[in-house]
Amino acid sequence: MTRYSVFSLVRNGLKGHRAWPRAWRRAEPRRSYQVIVIGGGGHGLATAYYLAKEHGITDVAVVEKSAIGLGNTGRNTTIIRSNYLWDESAALYEKSLKLFEGLTEDLNFNQMLSQRGVINLAHTLHDLRDLERRVNAIRLNGIDSEILSVEQVKAMVPILNTSPNARYPVLGASLQRRGGVSRHDAAAWGLARAASARGVDIIENCEVTAILRDGDHVTGVETTRGPIKAPKVAIAAAAHTSHLASMAGLRLPIETHPLQALVSEPLKPLIDCVVMSNQVHVYLSQSDKGELVIGAGIDPYVSYASRGSLPVIEDQMQALVHLYPVVSRLRMLRQWAGNVDVCPDASPIISLTPVRGLYINGGWGTGGWKATPGSGWVFAHTIAQDRPHPLNEPFSLERFTTGALIDEHGAAAVAH
Amino acid sequence: MLLIPCPWCGLRDEVEFKYGGEAHNNRPLVPDVHDDTAWAAYLFMKKNPKGLHLERWVHAAGCRRWFNVARDTVSNRIDGSYKIGEKPPAIAAETEESA
Ligand SMILES: Cc1cc2nc3c(=O)[nH]c(=O)nc-3n(C[C@H](O)[C@H](O)[C@H](O)COP(=O)(O)OP(=O)(O)OC[C@H]3O[C@@H](n4cnc5c(N)ncnc54)[C@H](O)[C@@H]3O)c2cc1C
Ligand SMILES: [Zn+2]
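Residues numbered from 1 in each chain as written. Chains lettered and ligands numbered in written order. Predicted model: local features only at pLDDT ≥ 70, side-chain atom pairs only at ≥ 80, totals over all residues. Heavy atoms only, no water.

## Concerning the pattern of salt bridges
All names here are of chain A.
Right, so step 1: As enumerated under the stated definition, the model contains 20 salt bridges over all chains in all.
Right, so step 2: The salt bridge involving E265 is made with R331; its shortest N-O contact spans 3.2 Å. Of this pair, E265 sits in the loop between β13 (255-264) and β14 (274-277) while R331 is found in the loop between α8 (310-323) and β17 (332-342), placing the two residues 66 residues apart along the sequence.
Right, so step 3: Among the ionic contacts, a cluster of salt bridges with common partners joins E94, K98, E101, D144 and R178. (Salt bridge = Lys/Arg side-chain N within 4 Å of Asp/Glu carboxyl O. Helix = DSSP H or I, 4+ residues; strand = E, 2+ residues; numbered from the N terminus.)

Given below as structure tokens:
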């Protein structure tokens, strides 16, 4: 692996940038591996990377049906933060945020991490009390978080409509300064490159069509490029988690919904943090290219169609104009959708399954981008040791039977 | 935008409706004979199929009645709707069995 540095940049610049080596090996599927990871999104790639790095398991294949990073990993609005209410979530998302903070150096790949701050607005007294409760809970977990007055929010976000006569007036906000955005493609490509350098095979254009079992033990997978054997198979397939689990006879508490986002035509710098509103149902940031990046909630019904419906983004635009009247005549450049795997308690499943050697990492719903490295880190541990790490133990499949749900709708419904 | 056939009002825009989730998942009539696994299955486990989905909708901004819709979750094509208590349309039933 060529190290990326200012010297390699200059050297390659002099050759017209035509001599850069491939970032990761193009691997052909071998007959068998120690671990097969299904899904070459950020979570699958991070899992493979940490299997190699933290557990010395390099006999690993990441099997991806299309090209890596084109699922939700390449479709999200890149917001990262760890301001979740419950202890279990706070610990998991904070682990991930910490890994993000060191990822550029660790992977030798610029993640363009920008900890510009994430603001959550309160529009009612109830909202405000809820945010205060959440901020207190977060701080008790040793994570940075603070409450802002309307004046403080206005100072940070001058374009925000803070008029007391607004239909949904802003009464205050919470702020996590260490939150922000981090480039999604950089994580996919950087993780693939670093995993490949440690010996992991990244196999693209290879779809898993069946999960092979011998009694209650997994033995490998059938793919569009032939069978591959492995005593351990790990599913990290987001929208397709239920579909893959059904191949092993499992039914999951997950439903797949479209989630849309939009970007506007590029503008001069207008907003330098991320602002979310659960009540008015929109969130906003500005990309390095100057486009406003705008998101909101899911389409209500189950769908695997990678497009959402117009009423959802119409609502989103109404909310946007309400909060930021200055953008009312802005044109939108493009709109897209991903398909997100939603759990009833808005928390993920990172778990062993009733099938021995089969592991599931899914149900991240609208908010799994920020968890990418942390999710891979705990999942790699779960696979290597055949038992969960304390950080993901509460996120087991059994919680739906025991009733120990981790309800994060307040932290994850509109805000991603 | 979906055009949803309400059995009473005919084809109407999606915005007039609210989605009610997977259909034919009925609450156990004798709750106390259910163990935790059975409750988990009823409350949380979902088919989430790629293909035919039988689902509940309510015509919230119309006649306000609940009914079921047969829709393909990959193409979003709607194959028909039927009233609560009725059997799904024949095509739906067949595809569901073969799926
Ligand atoms: C519009 C939008 C905005 C979002 N914004 C945010 C945000 O701001 N912050 C945040 O934290 N989260 C956000 N999310 C959620 C986040 O994108 C996801 O939770 C996260 O990226 C999931 O990563 P993943 O690796 O699990 O999934 P994916 O990247 O979807 O990877 C799954 C992979 O599995 C592959 N696969 C599926 N089936 C098979 C098969 N049978 N065989 C082989 N491969 C298969 C797929 O092709 C895919 O590449 C957003 C999502 C969307 C859609
Ligand atoms: Zn009607």
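## Details of the sheet that holds strand β4 (residues 52-58) of chain B
All names here are of chain B.
Right, so step 1: Pairing within the open sheet is antiparallel, and its four strands lie in the order β3-β4-β5-β6. This sheet does not close on itself; its edge strands, each paired only once, are β3 (18-22) and β6 (78-83). On average, each strand axis in the sheet is tilted by 30° relative to the strand beside it, whichever way the strands run.
Right, so step 2: Inspection of the sheet shows β3 paired to β4 by three bridges, in the antiparallel sense. Considered in β4, the bridge of K18 is made with V58. (Pairing = 2+ DSSP bridges. Axes fitted to C-alpha atoms, helices over the stretch in contact; angles between N-to-C directions.)

## Topic: the site of ligand 1
All names here are of chain A.
Right, so step 1: Close contacts around ligand 1 come from 39 residues, with E64, N72, T73, T77 and K370 the closest.
Right, so step 2: The side chain of T73 places a nitrogen or oxygen atom 2.5 Å from an oxygen atom of ligand 1.
Right, so step 3: Out of a free accessible area of 1000 Å², ligand 1 has 98% covered by protein chains.
Right, so step 4: Secondary-structure elements contributing two or more residues to the shell around ligand 1 are α2 (42-55), β13 and β17.
Right, so step 5: With three residues, the top contributor of residues to the shell around ligand 1 is β13. (Near = heavy atom within 4 Å. Polar contact = N/O pair within 3.5 Å; in protein donor to acceptor, adjacent residues only side chain to side chain. Areas by Shrake-Rupley, 256 points an atom, 1.4 Å probe, with all protein chains shown as cover.)

## Some points on the confidence of the model for chain B
Right, so step 1: Chain-level pLDDT for chain B is 90 on average; 91% of the residues reach the 70-or-more range.
Right, so step 2: Scored as a whole, the predicted complex attains pTM 0.97, and scored at its interfaces, ipTM 0.92. (pLDDT = per-residue confidence, 0-100.)

## Side note on the nonpolar core
Residues and elements named next belong to chain A.
Right, so step 1: L45, Y50, V60 and V200 are the most contacted members of the largest nonpolar core, which has 50 residues in total.
Right, so step 2: Of all the secondary structure elements, the ones that give two or more residues to this core are β1 (35-38), α2, β2 (60-63), α3 (87-107), α6 (184-197), α9 (372-385) and α11 (409-412).
Right, so step 3: Sequence-distant contacts of Y50, that is, excluding residues within four places in its chain, are made with H55, L99, L103, D106, P373, G376, W377 and A380. (Core = buried A, V, L, I, M, F, W, Y, C linked by side-chain atoms within 4.5 Å. Buried < 20%, exposed > 50% of the residue type's maximum accessible area, 1.4 Å probe, protein only. Contact = heavy atoms within 4.5 Å.)

## Section: the packing of α2 of chain A against α3 of chain A
Residue and element names in this part refer to chain A.
Right, so step 1: Close contact between α2 and α3 brings their axes to 14 Å; oriented N to C, the two are set at 75°. The orientation of α2 with respect to α3, classified from their angle, is roughly perpendicular. Of the residues in α3, those in contact with Y49, Y50 and K53 of α2 are L99, L103, D106 and L107. (Parallel < 35°, antiparallel > 145°, perpendicular 65-115°, else oblique.)

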